[in-house]
Amino acid sequence: MTDGIVAIFLLAGATFVLLAAVGIVRLPDLATRMHASTKAGALGAMMIMAGVATHFFEQPEVITRAIAIVVFILLTAPIAAHVIGRAGYFLGIPLWDGTIKDELRDSYDQKTHVLKSGFEDNSPGKPPSERGDTHKDRTEN
Amino acid sequence: MLTITINIVYIMLSLSLLMAFVRLTRGPSLPDRVVSLELIASIVVAFVGVHAVDTGVANLLDVAIVIALTSFLAAVGFARFLERGGPR
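Keep in mind that what you see is a predicted model, and the values were worked out from it rather than measured.

Participant: When you look at the overall build of chain B in this model, what are you seeing that I'm missing?
Facilitator: Along its length, chain B carries 3 helices and 0 strands. The helix and strand sequence of chain B, counted from the amino end, reads α-α-α. The C-alpha radius of gyration of chain B comes to 15 Å, more than 25% above the 12 Å expected for a compact globule of 88 residues. Viewed in the frame of its principal axes, chain B has a C-alpha envelope of about 50 × 25 × 10 Å. Burial status across chain B gives 42% buried among its 88 residues. Contacts in chain B between residues at least 24 apart in sequence constitute 48% of all its contacts with a sequence separation of at least 6.

Participant: Even after reading the chapter, I still don't get the overall build of chain A, so can you show me in this structure?
Facilitator: For chain A, the helix and strand inventory stands at 3 helices and 2 strands. Burial status across chain A gives 34% buried among its 141 residues.

Participant: Looking at this structure, how should I read the environment of D106 of chain A?
Facilitator: Note that D106 of chain A resides in the loop between α3 (60–91) and β1 (114–115). Sequence separation of D106 of chain A and K116 of chain A is 10 residues, and the distance between their C-alpha atoms is 8.7 Å.

Participant: Mind showing me how you'd approach the nonpolar core here?
Facilitator: The nonpolar side chains of a soluble globular protein tend to be buried, and buried together. With 63 residues, the main nonpolar core has L10, M49 and I84 of chain A as its most contacted residues. Elements that contribute at least two residues to this core include exactly α1 (2–26), α2 (30–55) and α3 of chain A together with α1 (2–26), α2 (30–55) and α3 (61–83) of chain B. Looking at which element gives the most residues to this core, the answer is α2 of chain A, with 14 residues. With near-sequence residues (within four places) excluded, M49 of chain A lies in contact with A66, I69 and V70 of chain A together with G49 of chain B.

Participant: Which parts of the structure should I look at to understand the UniProt feature "transmembrane region" (unreviewed entry) in chain A?
Facilitator: Summarizing the sequence annotation, UniProt attributes the feature "transmembrane region" (unreviewed entry) to residues 6–28, 40–57 and 63–84 of chain A in the numbering used throughout. Helix makes up 100% of residues 63–84 of chain A and strand 0%, with an end-to-end C-alpha separation of 31 Å.

Participant: Is there a simple way to think about the packing of α1 of chain A against α2 of chain B in this case?
Facilitator: Each pair of packed helices can be summarised by the angle the axes make with each other and by the distance between the axes. The contact between α1 of chain A and α2 of chain B brings their axes to 11 Å, and the two run at 160°. Considered as vectors, α1 of chain A and α2 of chain B are oriented roughly antiparallel to each other. Note on packing geometry: the crossing formed by α1 of chain A with α2 of chain B is left-handed. In this structure, α1 of chain A contributes V6, L10, G13, V17, A20, A21 and I24 of chain A to the contact, and α2 of chain B contributes S36, L39, S42, I43, A46, V50 and V53 of chain B. Grouping the constituent residues of the contact of α1 of chain A with α2 of chain B by class yields 11 nonpolar, 3 polar and no charged.

Participant: It is not clear to me how the UniProt feature "transmembrane region" (unreviewed entry) in chain B should be interpreted in this structure. Could you clarify?
Facilitator: Residues and elements named next belong to chain B. With numbering matched to this structure, UniProt assigns "transmembrane region" (unreviewed entry) to residues 6–22, 34–53 and 59–82. Taken end to end, residues 34–53 is 100% helix and 0% strand, and its first and last C-alpha atoms sit 29 Å apart. Taken as a whole, residues 59–82 contains 92% helix and 0% strand, while its terminal C-alpha atoms sit 36 Å from one another.

Participant: For this particular structure, what's the right way to read the interface of chain B and chain A?
Facilitator: Counting residues at the interface gives 42 residues for chain B, matched by 47 residues for chain A. Of all elements in the fold, only α1, α2 and α3 of chain B reach the threshold of two or more residues within the side of chain B that touches chain A. A per-element tally of the side of chain B that touches chain A places α2 of chain B first, with 15 residues. Of the residues assigned to the side of chain B that touches chain A, the class counts are 30 nonpolar, 6 polar and 6 charged.

Participant: I'm lost on the environment of T76 of chain A in this one. Help?
Facilitator: Residues and elements named next belong to chain A. Its place among the elements puts T76 in helix α3. With 19 C-beta atoms packed within 10 Å, T76 lands in the partly exposed category. Put simply, T76 and A42 are 34 residues apart on the chain and 9.7 Å apart in space, counted from C-alpha to C-alpha.

Rules of the game
- Residues numbered from 1 in each chain as written.
- Chains lettered and ligands numbered in written order.
- Predicted model: local features only at pLDDT ≥ 70, side-chain atom pairs only at ≥ 80, totals over all residues.
- Helix = DSSP H or I, 4+ residues; strand = E, 2+ residues; numbered from the N terminus.
- Rg over C-alpha atoms; globule rule 2.2 N^0.38 Å.
- Buried ≥ 20, exposed ≤ 12 C-beta atoms within 10 Å, placed from the backbone.
- Contact = placed C-beta atoms within 7 Å.
- Core = buried A, V, L, I, M, F, W, Y, C linked by C-beta atoms within 7 Å.
- UniProt positions renumbered as here; feature names shortened; annotations may be inferred.
- Axes fitted to C-alpha atoms, helices over the stretch in contact; angles between N-to-C directions.
- Parallel < 35°, antiparallel > 145°, perpendicular 65-115°, else oblique.
- Left-handed = near helix turned anticlockwise from the far one by under 90°.
- Nonpolar A, V, L, I, M, F, W, Y, C, P; charged D, E, K, R; others polar.

What follows is the structure in structure tokens.
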């Protein structure tokens with residue numbers, strides 16, 4: 001009974017991890033590769049941990065540890081993906097040729113690393129000398 | 001039945017480890033390699049979980065916790081290194 005549930009969880013998790021690996025080899029650029037690896041890989045590892053928790057269901061401390069791993073992956077995988085994707089865009093790594101939408105292309109200066117919000121020059125009620133407050137993107141570091 | 005499933009899962013995880021390693025060696029830029037390293041860490045966490053089920057040693061889960069923590073810190077460290085303008 002329990003073995004069947006464990007087998008299903010392990011197989012599903014391994015399938016997701018395998019799909020993530022196929023995606024990371026086959027997809028064309030950094031953002032799409034990250035899209036495959038971060039979500040599918042994290043879900044695969046979490047499902048395998050669910051299988052581990054089901055297998056050791058008589059030991060509550062093991063279940064607690066498995067849940068701790070799941071929560072940790074759930075919290076840190078988006079943060080790591082965001083940070084790496086931000087660094088990749090910051091470096092100006094070329095996107096795929098078939099990219100439809102790049103919303104930062106017009107407002108982000110690749111040379112000075114300044115990100116404009118688009119509302120600097122038409123804010124009402126201010127003289128032109130007080131406009132142009134650009135958001136510095138941590139260039140002082 | 002569970003033994004056969006665990007063997008199949010080992011084979012699938014090994015294949016995915018191999019493919020992630022292909023991207024690690026071929027990746028045109030450093031962020032690609034960092035993404036691949038992060039996927040490798042997830043695969044190793046999954047491996048440790050399957051091995052805990054296989055051998056019945058539940059203490060192996062501590063290893064999985066430490067590997068997940070290390071991979072997250074490595075990703076954040078690499079990203080900060082890249083944004084500060086290290087060699088690519």
